[in-house]
Amino acid sequence: MRIILDAMGGDNAPLAPVEGAVKAAETLGVDVILSGKPQEIMACLEKLGHKEVPKGIEILPASQVITMEDNPARAFKEKKDSSMTVGLQKLKDGEADAFVSAGSTGALLSAATLMVKRIRGIRRAAMCPVVPTQKGGFVLIDCGATADCTPEYLLQYAFMGTYYAKRTLGLENPRVGLLNIGAEPSKGLPLQLETHALLTQAHQEGRINFIGNIEGREALLGGVDVLVTDGFTGNIFMKTYEGGLLMFSDFMKTMFKSSLSTKLGYLTVKGQVEGFKKVFNPNEIGGTAMVGISKPVIKAHGSSNGYAIYNAICRAKEMAESDLIQDITANIAHMRISGGKTAEE
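All figures in this text were calculated on a predicted structure; none of them were measured in a lab.

(A) Geometry of the overall build of the protein. When helices and strands are tallied, the protein shows 13 helices and 12 strands. The C-alpha extent of the protein, read off along each of the three principal axes, is 65 × 65 × 35 Å. Taken across its 345 residues, the protein has 51% of its residues classed as buried. The contacts in the protein between residues at least 6 apart in sequence include a share of 71% that link residues at least 24 apart. Taken as a whole, the protein presents about 15,900 Å² of accessible surface, with 54% of it coming from carbon and sulfur. When the 37 basic and 37 acidic side-chain charges of the protein are each reduced to a single mean position, those positions are 1 Å apart.

Structure follows, in structure tokens:
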């Protein structure tokens with residue numbers, strides 16, 4: 001398997017991507033193609049103790065870098081020799097199985113949508129992270145790809161999230177919930193009310209396991225396997241969740257450092273605390289799938305270190321090996337509002 005990695009994307013590039021790529025090539029049995037500036041990539045390899053390009057690593061030359069200051073919608077066109085553009089072109093041409101980048105989310109979404117293309121019939125791609133909870137985790141779809149959604153988008157998200165949960169979480173019949181301000185079917189704005197009716201119909205037809213509206217609190221307590229929402233609300237949900245974890249972590253640090261007795265108490269629960277931190281550490285997850293694109297594309301966090309990049313490559317490998325895209329393609333007819341057509345059609 002060949003996975004392209006944007007070596008110049010992210011706050012810690014190119015060292016973190018190169019470090020993650022080397023670890024992946026050594027342990028996952030994949031070939032990693034580093035897209036970026038060859039001299040900078042080689043300098044990082046030498047820093048990691050490699051005087052030559054190691055086995056399982058290739059360098060795909062690209063002279064430009066898409067930055068956070070570039071216009072997300074135009075960056076891949078204006079910088080045609082960027083590490084992101086060159087890498088996605090290689091994926092589009094069928095010369096690799098997946099693509100990973102910790103670069104600009106907007107630029108990656110635009111480039112993947114317009115270069116690699118969406119699966120035919122899919123209205124919008126969605127960012128689909130697995131959110132850890134006390135009972136394992138759930139798939140959140142969407143967390144920021146499309147802010148202004150229609151009921152049909154959310155219907156498709158429910159189907160795509162179901163297939164993703166089956167493939168990544170190993171769930172036979174994932175419970176699908178619609179994020180809302182209350183559990184009653186009458187709650188929400190027109191978007192939620194219309195989407196609820198569509199998801200109810202899909203459930204009655206045996207297409208998905210829709211359990212109704214879900215409040216954010218219940219989702220975090222393990223009440224759902226796939227949480228469907230628009231990208232605007234999903235992004236707020238995800239960032240609030242991450243902020244809450246950071247606040248709780250800081251609170252625990254302050255509490256355990258407050259006195260000698262609490263420091264001694266920490267020693268007795270150190271293993272459990274470290275286990276908690278590991279479960280909720282975003283570096284352990286690695287990356288978020290852009291579901292709905294015709295080939296596997298993974299977005300890693302911008303602040304990813306080498307370990308996080310390695311885990312993002314793991315997610316790319318899993319997605320490439322799964323039948324997720326085939327699942328979506330085979331069920332497009334059930335994911336459409338009658339009479340609707342996409343731009344591609």
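Now that the structure has been shown, we can carry on.
(B) Here's a closer look at helix α1 (residues 15-27). Counted at 1.5 Å a residue, the expected span for α1 with its 13 residues is 18 Å, and the 18 Å between its end C-alpha atoms agrees. Turning to α1, its buried residues are Ala-16, Pro-17, Val-18, Gly-20, Ala-21, Val-22, Ala-24 and Ala-25. Where α1 is buried, its residues meet β1 (2-6), β2 (31-36), α2 (38-47), β3 (57-61) and α12 (306-321). Positioned one or two residues after α1, Gly-29 has a phi angle of 70 degrees, which is positive.

(C) Here's a closer look at the pattern of salt bridges. Counting across every chain of the model gives 14 salt bridges. The salt bridge partner of Glu-58 is Arg-2, with a shortest N-O separation of 2.6 Å. Highlighted residues: Glu-58 in strand β3 and Arg-2 in strand β1, separated in sequence by 56 residues. Overall, the relative accessible area of 29% leaves Glu-58 in the partly exposed class.

(D) How the structure looks around the sheet that holds β2. Here we have seven strands laid out as an open sheet, ordered β3-β2-β1-β4-β12-β11-β5, and mixed in their pairing. At either margin of the open sheet sits one strand with a lone partner, and together these are β3 and β5 (126-128). Here the average twist between neighbouring strands, direction ignored, is 25 degrees.

(E) Local environment of a nonpolar patch on the surface. On the surface, Phe-248, Phe-251 and Met-255 cluster together into a nonpolar patch covering about 290 Å² of accessible area. With respect to the element layout, Phe-248 can be found in helix α9 (residues 231-256). Taking relative accessible area as the criterion, Phe-248 reaches 37% and is therefore assigned partly exposed.

(F) Inspection of the sheet that holds strand β8 (residues 175-179) at higher detail. In space, the five strands of this open sheet follow the order β6-β7-β10-β8-β9, with mixed pairing throughout. Edge positions in the open sheet fall to β6 (130-133) and β9 (209-214), since each of these has one partner strand only. Ignoring strand direction, the axes of neighbouring strands in this sheet form an average angle of 30 degrees. Pairing geometry for β8 and strand β10 (residues 226-228), over three bridges, is parallel. Its bridge partner lying in β10, Leu-178 is registered against Val-228.

The rules behind these values
Residues numbered from 1 in each chain as written. Predicted model: local features only at pLDDT ≥ 70, side-chain atom pairs only at ≥ 80, totals over all residues. Heavy atoms only, no water. Helix = DSSP H or I, 4+ residues; strand = E, 2+ residues; numbered from the N terminus. Buried < 20%, exposed > 50% of the residue type's maximum accessible area, 1.4 Å probe, protein only. Contact = heavy atoms within 4.5 Å. Areas by Shrake-Rupley, 256 points an atom, 1.4 Å probe, with all protein chains shown as cover. Lys, Arg positive; Asp, Glu negative; His and termini not counted. Charge placed at Lys NZ, Arg CZ, Asp CG, Glu CD. Expected span 1.5 Å × (residues − 1). Salt bridge = Lys/Arg side-chain N within 4 Å of Asp/Glu carboxyl O. Pairing = 2+ DSSP bridges. Axes fitted to C-alpha atoms, helices over the stretch in contact; angles between N-to-C directions. Patch = residues over 30% accessible without salt bridge, like charges linked within 9 Å, V, L, I, M, F, W, Y side chains within 5 Å.

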